[in-house]
Amino acid sequence: MEEKLKLAGHSDDVTGFEILPHKLLSNSKGEEEIEVLSCGLDGRLLSSSVQFPASQVHHSTIMTSRYPLYSVSLVSLHPSSSDSTPMTHHVCAVGGQDKKISFYYKVCSASERTQWNFLLSIPFSCLWVKLRIEKKEEEAERERKRKKGKVESKLQTLQVFFATLQNTSTVMLQNLSLRVDGLVVTLEQGPIHQFQPLPHSPVRTISFGSTENQFFTGSDEGIVRKWNIDDSSSTLVGSHQNDVISLISLVSKDGKAKLITSGKDREIRIWIENTVKRSSSLSSSSSTTFTIASFPCSFVPRCLQVIGWREKSYLLVGGGDGSLTIWNFLSDNEIEMVHKSVVISSGPVSSVSYWTDEQGVLGLFCAGADHQVHFLQIKNL
């Protein structure tokens with residue numbers, strides 16, 4: 001593993017970052033560009049644009065707060081194939097101890113891109129924030145375009161999931177009406193829904209399920225829950241022996257729900273859903289259980305990311321010891337560590353992500369206690 005760059009220098013710990021899809025920012029010279037959005041305890045939301053292969057880095061500050069920022073989330077609205085001038089609209093949300101979650105947008109095309117522009121803010125401090133575009137709205141929009149021909153604007157629903165600092169045990173969901181009209185993006189606020197687990201325990205991580213009306217949460221009491229958005233109900237998936245720190249929702253090879261979690265108990269766990277059917281002469285019913293496979297670590301696995309590279313799947317893990325480890329999937333529910341490097345010597349890794357270039361080289365991103373976003377390259381494992 002070779003470290004190539006240090007990006008987005010903050011003056012305090014980096015708490016989170018997002019990467020814009022690189023293919024949407026390719027320029028006419030054949031160079032590629034990645035934009036990294038990072039937030040930190042210094043209260044800044046930064047943009048760092050990296051050009052390859054020249055490796056030139058350009059920094060800009062999107063916003064500055066007097067209070068620490070804890071979380072940033074990004075969604076991209078991809079153009080339809082019928083658009084004469086395809087443009088991709090990016091929307092990000094950032095929040096923390098500041099008494100608001102702020103939204104910004106940026107528009108990119110093959111030839112140009114705008115700066116990040118402020119959209120609106122909602123009056124909540126937050127522990128974390130996560131964005132999702134409601135897919136059924138996209139499908140309805142495509143149907144309207146098919147029936148009526150080209151329309152001037154696109155209306156979609158942006159779902160904003162967050163937990164406030166005043167009530168960290170409740171997951172909040174606010175639907176925002178997102179309208180796109182050329183280079184202009186507007187948001188309108190909608191109602192807020194609450195999802196409150198029992199027992200009350202701070203929710204630290206969230207991941208969206210394989211269906212539109214599902215999501216999963218992990219909490220400080222080690223509890224993993226599956227939620228139904230339609231009726232606000234939840235079912236217990238299982239638990240760690242200590243706080244759940246990170247959670248990923250996937251689909252297994254045979255189409256079953258699959259979760260990967262990590263906890264302060266120094267374990268990575270893989271959960272695969274099983275439906276058990278029961279029948280009698282009078283009725284039939286079914287229940288859902290999860291099989292568990294546990295993998296102990298010598299460190300606290302703080303953040304997870306699944307990587308698809310060279311027709312294989314890997315698990316990228318950021319550690320509490322400042323390490324970056326890569327695990328190979330031997331099967332749906334079995335992993336083994338194939339690489340470990342200590343990247344941050346001064347404390348834990350808080351966030352990880354990845355990118356692959358057109359030559360198939362794997363690029364890894366991680367950030368944490370040393371105030372930097374690191375970019376590393378791997379050619380072989």
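Overview of the structure.

Scoring rules and cut-offs
- Residues numbered from 1 in each chain as written.
- Predicted model: local features only at pLDDT ≥ 70, side-chain atom pairs only at ≥ 80, totals over all residues.
- Heavy atoms only, no water.
- Helix = DSSP H or I, 4+ residues; strand = E, 2+ residues; numbered from the N terminus.
- Buried < 20%, exposed > 50% of the residue type's maximum accessible area, 1.4 Å probe, protein only.
- Salt bridge = Lys/Arg side-chain N within 4 Å of Asp/Glu carboxyl O.
- Phe/Tyr/Trp six-rings, centres within 6.5 Å; stacked < 30°, edge-to-face > 60°.
- Lys NZ or Arg CZ within 6 Å of the ring centre and 35° of its normal.
- Contact = heavy atoms within 4.5 Å.
- Pairing = 2+ DSSP bridges.
- Axes fitted to C-alpha atoms, helices over the stretch in contact; angles between N-to-C directions.

**Some thoughts on unusual backbone geometry**
- The phi torsion at S232 lies on the positive side, around 65°, for a residue other than glycine.
- The phi dihedral of H371 is positive, around 75°, even though this residue is not glycine.
- Positionally, H371 belongs in the loop between strand 27 (362-368) and strand 28 (373-378).
- A relative accessible area of 25% places H371 in the partly exposed class.

**A few points about the pattern of salt bridges**
- Summed over all chains, the structure comprises 8 salt bridges.
- One salt bridge in this structure joins D42 and R44, with 3.3 Å as the shortest N-O distance.
- Look at D42 and you get buried, because its relative accessible area is 16%.
- A salt bridge links E267 to R269, with the shortest nitrogen-to-oxygen separation between them at 2.8 Å. Grouping residues by exposure puts E267 and R269 together as buried.

**Points about the packing of aromatic side chains**
- In the structure shown here, the tally under the stated rule is 10 aromatic pairs.
- Summarising the aromatic geometry, the rings of F124 and F162 are spaced 5.1 Å apart at their centres and angled 45° between planes, so their arrangement reads as tilted. Residue F124 is found in the loop between strand 9 (117-122) and strand 10 (128-133), and its partner F162 is found in strand 11 (residues 154-163); the two are separated by 38 residues along the sequence.
- The rings of F161, F195, F208, F215 and W227 are connected pair by pair, giving a single aromatic cluster.
- Its guanidinium or amino end placed over the ring of F208, R132 lies 4.5 Å from that ring's centre, counting from NZ or CZ.

**A word on the side chain of D243**
- Tracing the backbone shows D243 in the loop between strand 17 (233-239) and strand 18 (244-251).
- Here D243 falls in the buried class, since its relative accessible area comes to 13%.
- Each residue touching D243, except ones within four places of it in the same chain, is listed here: S219, D220, E221, G222, S262, G263 and K264.

**Observations regarding the pairing of strand 12 (residues 171-181)**
- Two elements, strand 11 and strand 12, share 9 bridges in a ladder whose sense is antiparallel. For L158, the partnering residue across the bridge sits in strand 12 and is L176.
- Pairing geometry for strand 12 and strand 13 (residues 184-195), over 10 bridges, is antiparallel. Across the sheet, S177 pairs through a bridge with E188, a residue of strand 13.
- Between strand 12 and strand 13, which follow one another and run antiparallel, lie 2 residues, and G182 among them has a positive phi close to 65°.

**Overview of the sheet that holds strand 15 (residues 214-219)**
- The 4 strands are arranged 14-15-16-17 in an open sheet whose pairing can be described as antiparallel. A strand with exactly one partner marks an edge of an open sheet, and here the two such strands are strand 14 (203-208) and strand 17. Sheet twist, expressed as the average angle between the axes of neighbouring strands with direction ignored, equals 25°.

That is the geometry; function is a separate question.
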